[in-house]
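Here is how the chains run, residue by residue.
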Amino acid sequence: MALFGTGYAQTIDKAKLDQLFDRLLEKNKGMGSITIAKDGNVLYTRSFGYGQITDTMKKLLTDDTKYRIASITKTYTAVMIFQLVEEGKLKLSDHLDKFFPQIPNASKITVAQILSHRSGIPIYRRWLLENGAKNT
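Residues numbered from 1 in each chain as written. Predicted model: local features only at pLDDT ≥ 70, side-chain atom pairs only at ≥ 80, totals over all residues. Heavy atoms only, no water.

Q: Is there a simple way to think about the overall build of the chain in this case?
A: Along the backbone of the chain there are four helices and four strands. Looking at the 136 residues of the chain, the share that counts as buried comes to 15%. Residue pairs at least 24 apart in sequence account for 28% of intrachain contacts in the chain once pairs closer than 6 positions are excluded. Surface exposure of the chain reaches about 11400 Å², of which carbon and sulfur atoms provide 55%. (Helix = DSSP H or I, 4+ residues; strand = E, 2+ residues; numbered from the N terminus. Buried < 20%, exposed > 50% of the residue type's maximum accessible area, 1.4 Å probe, protein only. Contact = heavy atoms within 4.5 Å. Areas by Shrake-Rupley, 256 points an atom, 1.4 Å probe, with all protein chains shown as cover.)

Q: So what exactly am I meant to see when it comes to the pattern of salt bridges here?
A: Pairing is possible between side chains of opposite charge, provided their charged atoms come close. One pass over the full model with this rule turns up five salt bridges. Among the salt bridges present, the one from Lys89 reaches Glu87, with a minimum N-O distance of 3.2 Å. The exposed category is assigned to Lys89, whose relative accessible area is 58%. Each of Asp18, Asp22 and Arg46 takes part in salt bridges that share partners, so that together they form one network. (Salt bridge = Lys/Arg side-chain N within 4 Å of Asp/Glu carboxyl O.)

Q: Got a minute to help me understand the environment of Leu90 in this structure?
A: For Leu90, the location among the structural elements is in the loop between helix H2 (73-86) and helix H3 (111-115). Residue Leu90 is classed as buried on the basis of its relative accessible area of 8%. Sequence-wise, Leu90 and Val111 are 21 residues apart; in three dimensions their C-alpha atoms are separated by 8.9 Å.

Q: How should I be thinking about the packing of aromatic side chains in this particular structure?
A: When we look at a pair of aromatic rings, we describe it by the centre distance and by the angle of the planes. Following the criterion strictly, the structure yields two aromatic pairs and no others. Aromatic side chains Phe21 and Tyr44 sit 6.4 Å apart centroid to centroid with 20 degrees between the ring planes, which places their arrangement in the stacked category. Here Tyr44 lies in strand E2 (residues 41-48) and Phe21 lies in helix H1 (residues 14-26), a separation of 23 residues in the sequence. In terms of burial, Phe21 and Tyr44 fall into one category: buried. Seen from their ring centres, Phe21 and Phe48 are 4.6 Å apart, and the 25 degrees between their planes marks the pair as stacked. Placement of the pair is Phe21 in helix H1 and Phe48 in strand E2, with a sequence separation of 27 residues. Assigned by exposure class, Phe21 and Phe48 land together as buried. Site record: aromatic cluster; members linked through ring pairs are Phe21, Tyr44 and Phe48. (Phe/Tyr/Trp six-rings, centres within 6.5 Å; stacked < 30°, edge-to-face > 60°.)

Q: How do you make sense of H1 when you look at a structure like this?
A: In an α-helix, one turn spans 3.6 residues; hence positions three or four apart end up facing the same way. When the terminal C-alpha atoms of H1 are compared, their 18 Å separation across 13 residues agrees well with the 18 Å that a helix rising 1.5 Å per residue should span. Two residues or fewer after H1 comes Asn28, characterised by a positive phi angle close to 55 degrees. (Expected span 1.5 Å × (residues − 1).)

Structure (structure tokens):
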């Protein structure tokens with residue numbers, strides 16, 4: 001799960017946060033990474049849970065763990081696109097070649113088609129790999 005937000009509170013009690021995440025880990029009730037920042041300064045960061053579990057080992061998550069977030073980003077992307085539309089910075093009728101001219105048929109694909117998964121683009125990650133991008 002990914003959660004982004006803005007909050008206003010007193011100073012951060014790092015010991016209590018550590019205790020909370022230790023307890024979640026101990027009870028196997030969650031996993032993830034959290035960073036709390038204010039004005040561009042990181043106030044607290046923590047990863048908890050296991051990134052890999054096998055019969056013989058449990059590998060803890062770290063601050064360097066890379067998550068495969070895949071479809072989770074679709075909702076956030078759609079919200080941001082509609083915010084740009086509201087601000088007049090983008091139109092749903094804009095064609096993809098305005099931003100990504102290297103994608104085949106980009107001049108025929110609109111932002112609206114991308115959002116509704118009707119672009120005709122097959123699996124984009126596979127397209128990247130087939131066209132010379134490093135493993136993503």
